[in-house]
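Residues per chain, in single letters:
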Amino acid sequence: MAIQWFPGHMHKTRGAIRERMKSGIDVVIEMLDARVPASSANPLLAQLTQGRPALKLLNKQDLADPARTAEWLAFYRAQPDTQAVAIHQGQPGLAKMMAAECRALAPHRGGLDKPLRVLICGIPNVGKSTLINTLVGKRAAATGDEPGITKIEQKILLDKGVYLFDTPGMLWPKIRVPEAGINLAASGAIGRNAFEEEVVALDLLGYLRRYYPQSLKSRYQLEPDASLLDGEVLQLIGKRRGAVLSGGRINMQKAAEVLLYDLRQGQLGRITLETPVEFEEWTVAAEAAEAARIAEKEARAAEAKRGTRDAQQAHAADDLEDDDEDEDEEEDDLDREK
């Protein structure tokens, strides 16, 4: 799926995180969307914060599938120097809980003489700014529906002896796993101008029909019918929700917007769009596809180079043949002169 990025902002944010890491950070909190944990994890952040204990916060767990959230928590907790906790906005005692988890990850820090320095990061629109507003009890960070609202780094006293540093959300230059792009768009992490709602809605619908058919039935009064194409089901959703044009035609754009809105607002129930096993399979497939693409590109380059060399050799052979013909003509001229 084609998604528009803004690399200038990304480079600036990456520089800010790199400088903060150099100045001393003891624990890194990465905020993830519990509905799309792996898709919402920025691989560049993992590189920039490598070597520090990590706390994964799976936000919006109240919108996510509880069974799948448990799978993701176990997946992250199995990684070295990593803890994972599922949270939701408005949850009481968040600051104390986060501070306690960070102290457990870095027990040598946290006193008045050695304050614990924590960096919180995450992709845009994952809920980080709203969380910080909740932690400090005021609008310390700008929030909004569009990604990328936080602009500057902030330092916040999380708890006694624990300082939290916030940085702008950062997307990455290229999504290598196609399913991750779909999931990010479906969850609302990417601005709507960067993708086509109908394309995303159809992919989402296919997944929901496979794993959450009851959610579709409850929300849209749709009876399961495997013979229908995803586009036909989206038309039914549009009809049920009044997305009808003159002549009875369905406004597919509006139907797509309805489905995506209902997912994001939790109207379809608690849904998670990926599991650890699934995402690993998607990653392997994406890496294989990328390797095949690179091999094909290299083969084309080699073929073009070989073609150029062959052309040069053919040109040289033509020149030699022309020289032979010239010599023959000269010998014929000599014979005639005799």
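Since we're looking at a predicted model, the values are computed, not measured. (Residues numbered from 1 in each chain as written. Predicted model: local features only at pLDDT ≥ 70, side-chain atom pairs only at ≥ 80, totals over all residues. Heavy atoms only, no water.)

A. Fine view of helix α10 (residues 252-264). Taking 1.5 Å as the rise per residue, α10 with 13 residues should run 18 Å; its terminal C-alpha atoms sit 18 Å apart, in good agreement. For α10, the side-chain oxygen to backbone nitrogen distance between the N-cap and Gln253 is 3.2 Å, and the N-cap itself is Asn251. (Helix = DSSP H or I, 4+ residues; strand = E, 2+ residues; numbered from the N terminus. Expected span 1.5 Å × (residues − 1). Polar contact = N/O pair within 3.5 Å; in protein donor to acceptor, adjacent residues only side chain to side chain.)

B. View of empty space enclosed by the protein. Scanning the entire structure with this criterion turns up one cavity of 30 Å³ or more. In this structure, the largest cavity spans a volume of roughly 40 Å³. For the largest cavity, the full set of lining residues is Asp33, Val36, Ser40, Lys60, Ile123, Asn125, Val126, Leu184, Ser187, Gly188 and Ala189. Among the residues forming the lining of the largest cavity, the class breakdown is five nonpolar, four polar and two charged. (1 Å grid on protein atoms, 1.4 Å probe; cavity = no way out; pocket = protein on both sides within 12 Å on 5 of 7 lines; lining within 4 Å. Points joined across faces, edges and corners; volume = space filled by probe spheres on them. Nonpolar A, V, L, I, M, F, W, Y, C, P; charged D, E, K, R; others polar.)

C. A look at unusual backbone geometry. Unusually for a residue other than glycine, Asp81 sits at a positive phi of about 50°. With respect to the helices, strands and loops of the structure, Asp81 is situated in the loop between α3 (66-77) and β3 (82-86). A positive phi angle, close to 65°, is found at Asn125, a residue other than glycine. Secondary-structure assignment places Asn125 in the loop between β4 (116-121) and α5 (128-136). The class for Asn125 is partly exposed, based on a relative accessible area of 27%. (Buried < 20%, exposed > 50% of the residue type's maximum accessible area, 1.4 Å probe, protein only.)

D. Expanded view of the packing of aromatic side chains. For the coordinates displayed, the defined rule picks out five aromatic pairs. The interplanar angle of 40° and the centroid separation of 4.6 Å between the aromatic rings of Tyr207 and Tyr211 together place this pair among those described as tilted. In this pair, Tyr207 and Tyr211 both sit in helix α7 (residues 197-211), four residues apart, roughly one turn of the helix. Residue classification places Tyr207 among the buried residues on the basis of a relative accessible area of 14%. When the centroid spacing of 6.0 Å and the interplanar angle of 65° are considered together, the rings of Phe279 and Trp282 count as edge-to-face. Of this pair, Phe279 and Trp282 both sit in helix α11 (residues 276-337), separated by three residues, roughly a single helical turn. Like Phe279, the residue Trp282 is buried in the burial classification. The aromatic ring of Tyr211 is capped on one face by Arg68, whose charged end is 5.0 Å from the ring centroid. Residue placement shows Lys155 over the ring face of Tyr163; its charged tip is 4.6 Å from the ring centre. (Phe/Tyr/Trp six-rings, centres within 6.5 Å; stacked < 30°, edge-to-face > 60°. Lys NZ or Arg CZ within 6 Å of the ring centre and 35° of its normal.)

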